[in-house]
Amino acid sequence: MNFQEIKPEELKENVFEMIGKKWMLITAEKDGKANTMTASWGGLGVLFGKPVAFFFIRPQRYTKEFVDAAERASLSFFSESHRGALNYCGSVSGRNEDKIEKTGLTLTHESGVPCFAEAETTLIVRKVYRQTMAPECFLDPAIMEKWYAARDYHTVYIAEIEKVLTKA
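Residues numbered from 1 in each chain as written. Predicted model: local features only at pLDDT ≥ 70, side-chain atom pairs only at ≥ 80, totals over all residues. Heavy atoms only, no water.

## Notes on the packing of aromatic side chains
How two aromatic rings sit relative to each other is given by the distance of their centres and the angle of their planes. Per the stated rule, a full pass over the model turns up nine aromatic pairs. Through a chain of ring-to-ring contacts, three or more aromatic side chains come together here, namely Trp41, Phe54, Phe56 and Trp147. We note Lys30 situated over the ring of Phe66; from NZ or CZ to the ring centre the distance is 5.3 Å. Over the ring of Trp23 we find Arg83, and its NZ or CZ is 4.1 Å from the ring centre. (Phe/Tyr/Trp six-rings, centres within 6.5 Å; stacked < 30°, edge-to-face > 60°. Lys NZ or Arg CZ within 6 Å of the ring centre and 35° of its normal.)

## Concerning the pattern of salt bridges
Under the definition given, this model contains 13 salt bridges. Among the ionic pairs, Arg72 bridges to Glu162, the shortest N-O distance being 2.7 Å. Of the two residues, Arg72 is situated in strand β6 (residues 72–77) and Glu162 in strand β10 (residues 155–167); the sequence distance between them amounts to 90 residues. Of the residues examined, Glu162 reaches a relative accessible area of 33% and is grouped as partly exposed. Put simply, Lys163 and Glu110 hold a salt bridge, and the shortest N to O gap is 2.7 Å. You can see Lys163 sitting in strand β10 and its partner Glu110 sitting in strand β7 (residues 107–110), a full 53 residues away along the chain. Here the salt bridges share partners, and the residues they tie into one network are Lys50, Arg72, Arg126, Glu160 and Glu162. (Salt bridge = Lys/Arg side-chain N within 4 Å of Asp/Glu carboxyl O. Helix = DSSP H or I, 4+ residues; strand = E, 2+ residues; numbered from the N terminus. Buried < 20%, exposed > 50% of the residue type's maximum accessible area, 1.4 Å probe, protein only.)

Below is the structure:
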């Protein structure tokens, strides 16, 4: 991989652009097999005195099994030229096919964590907290109506950022 490691506080990109508009691939490994999914909900910040990433996964997503089984995962961000691969990974389940292979992305590993050679920025993260969102905790009922009609509440993951890798 042609990456350089930087400190989390050296990230120059706008987090709202990275996650909300460009999206990310959340990738983890279980029993020697990797799976990934596209996500556009999450953030970066400081919690528990550490740089952290937080992200959300619905219960029906196959990747959730992999993230739950793994201690660590990667969050990968790509240039616009890979939008098709992100669209594909967000619309097809890895239960039914090897969607990583079909995207043409190159699966690699950093510190034993699956990630992608084509990524512009990759965060290697270690989970430190996980909780399923609870209906009684929503203070704005419009959110429940809009996002949770099926009552399939996301699990929120908070993960310490161990490494930030950017294209050299």
